[in-house]
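Summary of the model geometry
What follows is the residue order along each chain.
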Amino acid sequence: MLKSKTFLKKTRAGGVMKIVREHYLRDDIGCGASGCAACGGAHEGPALEPQPQDPASSLCPQPHYLLPDTNVLLHQIDVLEDPAIRNVIVLQTVLQEVRNRSAPVYKRIRDVTNNQEKHFYTFTNEHHRETYVEQEQGENANDRNDRAIRVAAKWYNEHLKKMSADNHLQVIFITNDRKNKEKAVEEGIPAFTCEEYVKSLTANPELIDRLACLSEEVNEIENGKIIFSEHLPLSKLQQGIKSGTYLQGTFRASRENYLEATVWIHGDNEENKEIILQGLKHLNRAVHEDIVAVELLPKSQWVAPSSVVLQDEGQNEEDVEKEEERERMLKTAVSEKMLKPTGRVVGIIKRNWRPYCGMLSKSDIKEGHFVRNLGDVGEKETETEVLLLEHDVPHQPFSQAVLSFLPKMPWSITEKDMKNREDLRHLCICSVDPPGCTDIDDALHCRELENGNLEVGVHIADVSHFIRPGNALDQESARRGTTVYLCEKRIDMVPELLSSNLCSLKCDVDRLAFSCIWEMNHNAEILKTKFTKSVINSKASLTYAEAQLRIDSANMNDDITTSLRGLNKLAKILKKRRIEKGALTLSSPEVRFHMDSETHDPIDLQTKELRETNSMVEEFMLLANISVAKKIHEEFSEHALLRKHPAPPPSNYEILVKAARSRNLEIKTDTAKSLAESLDRAESPTFPYLNTLLRILATRCMMQAVYFCSGMDNDFHHYGLASPIYTHFTSPIRRYADVIVHRLLAVAVGADCTYPELTDKHKLADICKNLNFRHKMAQYAQRASVAFHTQLFFKSKGIVSEEAYILFVRKNAIVVLIPKYGLEGTVFFEEKDKPNPRLIYDDEIPSLKIEDTVFHVFDKVKVKIMLDSSNLQHQKIRMSLVEPQIPGISIPTDTSNTDLNGPEKKKIKLGK
C-alpha cells in the first residue's frame, strides 16, 4: 500500500517548496512472536518468546510482553539492560526518537536488541498497514507519536488474541507520561509507569536501584528530614555536559569520612580537575567508582577538604536527626587558598554495578533469592568469601572449558617447542623468592665472559607458550587480570598446573622461558641487549635469607654463590645510579602472619624484614622491564602495553611538607629528584624512625600507577622510578599485562606471529582498563585480608599496649602507626552521648590540642589495642590512648579504620 506524505519547506531565498514523499505500508510485517499463527511467524532478527517466562508481576501475573515509550527508553535504559527484563517490543517510532535525542542511549538499545538472550524485538510500526497513523490537524509531532505508540500497543493486544483460543498473552504499555498513561487506560490498554512495574516484580527487588528517578517515598531516609534531589535523566545530563553546565567524572568515596567524596573530572581541561563533594545531599546516592554528572557550586560555597574522621555506623531514626550536626563538623575555618572547587551530584551516568556485601537489617520484604547465602561455614571461610565478593575478585574454580586448553600430562619439551628458542640449560641460573613460593616466574644468572665483561640474564617463565590468544584459558586469564594474594590463600590468575608446575621455574627441571640478557662492564653499563625465547634448568631455588647467607659466607665459593655476588655487586651500582636520576625510595608497613599448623589461626604477627637480596632481585626486574618497554615501543609505537606513574599534583604534598616543617625539616617537591634528595637529608640523630615515617607519608601522596596503550597516550613517564618508559614483563604467572607484553616481544624478535587484537589499540586500551581495575581491587582485598587476620590475632591476644607514632592529626582523632605490627588505626577523642573534651585543631602545623595536651604528627604515643566483641556480627579492633595521659579526660575506645570492611563498608537495608 502506497501513501504520500506532503510537507512544506522554506528555501534559503525565502520561498516555499512543496515536498511529496512516498511512504509504503505493508501487511506482511510479523509481530515478532515465534510461531505466531496469525502472521505466520514472520519476523526479522531476534524474536519474542512464544510463552515468556518473565518475572512474576503482582500487577500483571499472566505472561506478557513490555512495550515502552520513548522517555522510558531514554531515562530507564539501566532497567531495560538488566538480565531480568526480557521480551520487550521496541517500536520504530520510539527507536527513531531515541536516535535523534541521544546517540549513546540509541547505541545501548541497539546492543540490547542484538542480544538473542534478551528477546527484544524491533517492530516497524511506521510501515505496518494497521499501526501507521497520520498527523491530524492541530496535532503536534510529539502527540502524534504518543498516539502511534498507543495504536501499536492496542493492535498487539488484539493481534495476540488471534494466536490461539486459550492464549492469555498481553502487551503492557510502560510510560512515565501521566496523560499518555491515562489515555491508554481509557482505550483499554494495560499501562503502568516504569516505577510501578519494577516495584511489582517481587522476585527482583534489586531492580528498584536501577530506576533513574525515584519517588520521594523511596528517597526519604527512614522518616527523617533528608530527601535527596532526583537524578536528572540521561538526556538532560548529556545536554548539560555538552553545554558545560555539568561536568562528567568518576566518583571516589573518602576512606576516612563517609560524608565526603571527590569527583575526578574526565577530559583534558586541567582547571577544576578534581571536585570536592560534602554532605549526603551533595553526594546524592552516588557509589564509589560511579560515573557521575556534577554541578559546580558558586565560589562562595567552595570548601576545603575536611579533617574530620567520620565512619558510617548505619542509619536509624535518632541518627538522622543528627545528620545536619555531623555535616556541620565538616566545615573548617581555613584560608581562601585552601578552598577547592566544590560541587554536587545531579545524576548518575553509569553505575558501578558489582556484588556488594554488608549487614542485613530486618525487612518487610520476604526473603529474596537475590541475597546470596554463605551457609554454615567457618568464620574464616565466610570472611574470605565476603572480602572476595566485596572487592569483585573472580574466584570461582576454573571451568572445564578453561581446563581443556591445558597441556596433557605428562608434559615434556618437544622438538617443536625448541623452534625459535635458545638452549640455556648449561647456565648457572637460580631463583630467589620469599619462603614457600610455588609460582616462581623469574630466575637470574651472572657470569664473566672471555673479554672480561659480565653476562647477566633475567629469565622469565614463558607463560604465553601455554596460553594462546582467544581461547577460553586466555579469556579467563584476561578477565581475572592478576593473582590475588591473601594471608593464607592465593586466588590464581591461571590454573595450578601452570602457576605451580609447568610455568614455575623450579630447580633441576627443564622449563620454557623468555630471557633478557645483557652484556655489561663491571660498572653495570649495558653494552649489548638480547631478547630470546629459551629453555633453562635452574640450579637452585633460594629464599631471600638463603641467598643472603651465601653472599655473606666466607666459606662458600661455588658457581651459584659467585653468580649471586656478581648480581648483588651490579645491583648496588644500578640502584645508586637510579636514585641519582631521581628514583624514589618510599616505604610502607608490611606485615607477615605466622600461622598455627593445625588451626591455621595467626599466632604471631611481625613486619617483613628486607635484605640486600630483596633489592638485588628488584633491580634486575626493573632493568628488564625498562629494556623490554623500549623494545616493544620501538617495534609497536602505537600498540605497546606500557605502565606509567603520573606525577602527583602539588596539593598532594601539603601534608608531607607541613609534617616535615613541624620537625624543622624542608621537603622539596618540585621534581622527583628534589623529593628523593630531601627525603635522604631528612634525618634526626635523636629520632631514627623519623625518616621511615616521612617515606610512609610520601607514599600516601603518590598517584596510582596504571597500564595504558602507547597509541592512546603521550605521557609515558614513570615518576617513582624516574624512567621515561616502563612496562611489566617479569611476572606473567600472576599478571595478564605481562602475558600481552610477552606476545608483543615475541613478535618483535621473530619468535611468534602476531594476531589482529594485538595491534588494535582500542581493544588494548579496554584490556588496560580492566587490568587497572583488577589490580586495584586485588590491593584492597589484600588489605582487607590483613585487617581480618589482625582481628583474629588480637582476638586471641586480648588487650595489648604498644608504642605508636602519629601519622595524621584530624579535628576529632589521631591516626597512629604501630611499627611492631605494621598496624594503622584511629584513636577518637569524642564519644557518643558523653561530654566531649575541648579540641583545637590547627591544620597549618598540623596539631590537635586536647585540653592542655598538644599532639603533633610523628609524636610517639602509647595505645591500647583490643578487639571489641560487643557486636558479634561486626567485630572491630579498637584503640585508646594510654600515654600521654590527659588529666580529667577519659579517652574512649572507638572504631579503628582496620575494620574488615574498611572505608567502603555498607549497611544494606531492605524494604521501605
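In case you missed it, the structure is sitting above this.
Reference entry: report on the structure contained in this document. All of these numbers come straight from a predicted model, not from anything done at the bench.

As a further point, take the overall build of the protein chain. Counting its secondary structure elements, the protein chain contains 24 helices and 36 strands. Burial status across the protein chain gives 51% buried among its 912 residues. Of all intrachain contacts in the protein chain linking residues separated by at least 6 positions in sequence, the fraction that spans at least 24 positions is 69%. By element, 49% of the accessible surface of the protein chain is carried by carbon and sulfur atoms, the whole surface being about 43900 Å².

In this section: unusual backbone geometry. A cis amide bond links M409 to the next residue, P410, at an omega of 0°. Geometrically, the link from I845 to P846 is a cis peptide bond, its omega value of -15° lying close to zero. Take P846: it is sitting in the loop between β30 (839–842) and β31 (847–850). Even without being glycine, N284 reaches a positive phi, approximately 50°. Along the chain, the position of N284 falls in the loop between α10 (280–283) and β11 (291–296). Overall, N284 belongs to the buried group, its relative accessible area being 0%. Positioned with a positive phi, R285 is a non-glycine residue whose angle comes to about 70°.

Moving on: the pairing of strand β10 (residues 274–278). Among the 5 residues in β10, 4 count as buried, and that is most of the element. Alignment of strand β9 (residues 260–265) against β10, held across 5 bridges, turns out to be antiparallel. Counterpart to V263 in the pairing with β10 is I275.

Our focus in this paragraph is the nonpolar core. In summary, soluble globular proteins display a tendency toward joint burial of nonpolar side chains. With 85 residues, the main nonpolar core has L498, W518, L564, F620, L641 and F729 as its most contacted residues. With residues up to four places along the chain from it excluded, the contact list for F729 reads I460, F514, C516, A624, N625, V628, R735, D738, V741, H742 and L745. Listed in part, the 59 residues of the second largest apolar core include L48, F120, F192 and L201.

Another aspect to go through is the side chain of D738. Its place among the elements puts D738 in helix α23 (residues 736–748). Reaching out from D738, the side chain makes a polar contact with the backbone nitrogen of T730 at a distance of 3.1 Å. At 2.8 Å, the side chain of D738 and the side chain of R735 are in polar contact.

Our next topic: the sheet that holds β30. Strand order in the open sheet made by the 3 strands is β30-β31-β32, with antiparallel pairing throughout. Looking along the sheet, the strands with just one partner apiece sit at the ends: β30 and β32 (853–856). The mean inter-strand angle of the sheet, taken between neighbouring strand axes irrespective of direction, is 15°. As paired elements, β31 and β32 share 4 bridges and run antiparallel to each other. Each bridged residue has a counterpart across the sheet, and for S847 the counterpart in β32 is H856.

Below, the discussion takes up the packing of aromatic side chains. Applying the stated criterion across every chain yields a total of 12 aromatic pairs. Taking the centre distance of 5.1 Å and the plane angle of 80° together, the rings of W155 and Y156 count as edge-to-face. A relative accessible area of 0% means that Y156 is categorised as buried. Ring centres of F687 and Y805 lie 5.5 Å apart, and the angle between their planes is 25°; this geometry places the pair in the stacked category.

A few words now on the pairing of strand β21 (residues 526–537). Bridge count between strand β14 (residues 422–423) and β21: 2 bridges; the pairing is parallel. The residue bridging E422 from the neighbouring strand is S534, located in β21. Note: strand β20 (residues 510–520) against β21, 11 bridges, orientation antiparallel. Note on β21: the bridge partner recorded for C516 is F531. Between the antiparallel neighbours β20 and β21 lie 5 residues, among them A524 with a positive phi of about 60°.

Every α-helical turn comprises 3.6 residues, leaving residues that sit three or four positions apart pointing alike. Those residues of helix α9 (residues 234–243) that sit buried are L234, S235, L237 and G240. Those residues of α9 that are buried lie in contact with α1 (70–75), α2 (77–81), α4 (103–113), β11 and β12 (343–350). Of the residues flanking the end of α9, it is G244, one or two places downstream, whose phi is positive at about 90°.

Before going further, it helps to spend a moment on the packing of helix α3 (residues 92–101) against helix α5 (residues 141–160). Axis separation between α3 and α5 bottoms out at 9 Å; the angle between their running directions is 140°. For the pair α3 and α5, the contacting residues are T93, V94 and E97 in the first and N142, R144, N145, A148 and I149 in the second. A class-by-class count of the residues in the contact of α3 with α5 yields 3 nonpolar, 3 polar and 2 charged.

Moving on, we come to the packing of helix α17 (residues 544–552) against helix α19 (residues 612–635). At a minimum axis separation of 8 Å, α17 and α19 run at an interaxial angle of 100°. Between α17 and α19, the angle is such that the two are roughly perpendicular. Every residue of α19 that contacts α17 at Y544, A547, Q548 and I551 is listed here: E612, T613, N614, M616 and V617. A class-by-class count of the residues in the contact of α17 with α19 yields 5 nonpolar, 3 polar and 1 charged.

Turning to the environment of L232, a few remarks are in order. Relative to the assigned elements, L232 resides in the loop between α8 (216–219) and α9. Residues L232 and V345, spaced 113 residues apart in sequence, show a C-alpha to C-alpha distance of 9.7 Å.

As a further point, take the pattern of salt bridges. A full pass over the atoms with the stated rule returns 49 salt bridges. Note that R490 and D492 form a salt bridge whose closest N and O atoms lie 2.6 Å from each other. On the basis of relative accessibility, which here comes to 25%, the residue R490 falls in the partly exposed class. Judged by relative accessible area, which is 14%, D492 ranks as buried. A salt bridge links K644 to D713; the nearest nitrogen and oxygen atoms lie 2.6 Å apart.

Its location among the elements puts A253 in strand β8 (residues 247–253). Residue classification places A253 among the partly exposed positions, given a relative accessible area of 28%. Through-space distance from the C-alpha of A253 to that of L283 is 9.2 Å; in sequence the pair is 30 residues apart. With residues near it in sequence (within four places) discarded, A253 still touches E260, A261 and H288.

What counts and how
Residues numbered from 1 in each chain as written. Predicted model: local features only at pLDDT ≥ 70, side-chain atom pairs only at ≥ 80, totals over all residues. Heavy atoms only, no water. Helix = DSSP H or I, 4+ residues; strand = E, 2+ residues; numbered from the N terminus. Buried < 20%, exposed > 50% of the residue type's maximum accessible area, 1.4 Å probe, protein only. Contact = heavy atoms within 4.5 Å. Areas by Shrake-Rupley, 256 points an atom, 1.4 Å probe, with all protein chains shown as cover. Pairing = 2+ DSSP bridges. Core = buried A, V, L, I, M, F, W, Y, C linked by side-chain atoms within 4.5 Å. Polar contact = N/O pair within 3.5 Å; in protein donor to acceptor, adjacent residues only side chain to side chain. Axes fitted to C-alpha atoms, helices over the stretch in contact; angles between N-to-C directions. Phe/Tyr/Trp six-rings, centres within 6.5 Å; stacked < 30°, edge-to-face > 60°. Nonpolar A, V, L, I, M, F, W, Y, C, P; charged D, E, K, R; others polar. Parallel < 35°, antiparallel > 145°, perpendicular 65-115°, else oblique. Salt bridge = Lys/Arg side-chain N within 4 Å of Asp/Glu carboxyl O.

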